[in-house]
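# Architecture and fold: a report
This is what each chain is made of:
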Amino acid sequence: MKKIEHIVIDNLLTGFSNNLSKCAYKVPFQDSNDGLWYKTEDFIEPCVGFNLFAFYLDEEHKLQTKFSYINFPENIMGVQLEYPKKIYSIEENREILCNELENYNDVYQVVVERIKQLCRNLTITIGENVHRTKVKISSTALKDIEGSHFIKVNNCIIK
């Protein structure tokens, strides 16, 4: 089994926004591994998040995509976008639907629509089972995952 370097996973971008004026950086700290100084961001509204996802076949041979990549890092297939549906504002003492927020409309929705234009849903055939996923994939990315661990080990046909 090929070991996945944690440096790759640790250095992935975890979120993005189009308005850094809504970010207050916390006190700088020095990293004990590389000796460099960093600041932790603290946005006043949620940013669009990135998270890795992995494929997993459960006991019933159902394809799972909402599975922690930490358990099977060799099955990492890509990144997913995340954005909460609602948040609680302490200042306003109320729940806020996130579709009312700037980052949702100006960033998240724009990125999602662009991905939909460029990609299609991934279909994976494993044995006689055809799995039509909600995973969006481009033709370039489809070629990239052909040699991945999960695809090879499970003799998948992908399209």
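The paragraphs below set out a description of the structure included in this document. (Residues numbered from 1 in each chain as written. Predicted model: local features only at pLDDT ≥ 70, side-chain atom pairs only at ≥ 80, totals over all residues. Heavy atoms only, no water.)

### So, the pattern of salt bridges
The cut-off we apply is this: Criterion for a salt bridge: a side-chain nitrogen of Lys or Arg within 4 Å of a carboxyl oxygen of Asp or Glu. Think of it in three bands: residues with accessible area under 20% of the maximum for their type are buried, residues over 50% are exposed, and the middle band is partly exposed, with areas taken using a 1.4 Å probe on protein chains only.
Scanning the entire structure with this criterion turns up four salt bridges. Across the salt bridge formed by K62 and E60, the nearest N and O atoms sit 3.5 Å from each other. Overall, the relative accessible area of 58% leaves E60 in the exposed class. Of the charged contacts, one joins E95 and K86 as a salt bridge, the two residues approaching to 3.5 Å between their closest N and O atoms.

### Some thoughts on helix 2 (residues 102–118)
As a reminder of what qualifies: Numbering of helices and strands starts at the N terminus; helices are DSSP runs of H or I of at least 4 residues and strands are runs of E of at least 2. The span one expects for a helix is its residue count, reduced by one, times 1.5 Å. To get the bend at a given residue, fit one axis to the seven residues ending there, fit another to the seven starting there, and take the angle between those axes. Any two residues having at least one pair of non-hydrogen atoms within 4.5 Å are treated as being in contact.
Under the 1.5 Å per step criterion, the end-to-end length of helix 2 is 24 Å for 17 residues, consistent within 8% with the ideal 24 Å. A maximum bend of about 30 degrees is found in helix 2 at Y108. When we look at burial in helix 2, the residues that qualify are N103, Y104, V107, Y108 and V112. Packed against the buried residues of helix 2 are strand 1 (15–16), strand 4 (48–57) and strand 6 (76–82).

### Topic: a nonpolar patch on the surface
Under the convention used in this document: In this analysis, a patch consists of residues with relative accessible area above 30% that form no salt bridge, clustered at 9 Å for like charges and at 5 Å for the nonpolar side chains Val, Leu, Ile, Met, Phe, Trp and Tyr. The protein chains shown are the only cover counted for residues, whose accessible areas, like all others here, come from Shrake-Rupley with a 1.4 Å probe.
Side chains of F29, L36 and Y38 sit close together on the surface and give an oily, nonpolar patch of about 280 Å² of accessible area. Considering the arrangement of structural elements, one finds Y38 in strand 3 (residues 37–38).

### Overview of the layout of surface pockets
Condition: Cavities and pockets were defined on a 1 Å grid built from protein atoms only: a cavity is a group of points that admits a 1.4 Å probe but offers it no way out, a pocket is an open group of points flanked by protein on both sides within 12 Å along at least five of seven lines, and a lining residue is one with an atom within 4 Å of any such point. Grid points are joined across faces, edges and corners, and a volume is the space filled by probe spheres set on the points. As a working rule, the residues Ala, Val, Leu, Ile, Met, Phe, Trp, Tyr, Cys and Pro are called nonpolar, Asp, Glu, Lys and Arg charged, and the rest polar, with Gly in that last group.
Volume-wise, the largest pocket comes out at about 1,100 Å³. Residue lining of the largest pocket: 33 residues in total, with V79, Q80, L81, K134 and K136 positioned closest to the centre. Those elements giving two or more residues to the lining of the largest pocket turn out to be strand 4, strand 5 (63–67), strand 6, helix 2, strand 10 (129–137) and helix 3 (139–145). Here the lining of the largest pocket is composed, by residue class, of 21 nonpolar, six polar and six charged.

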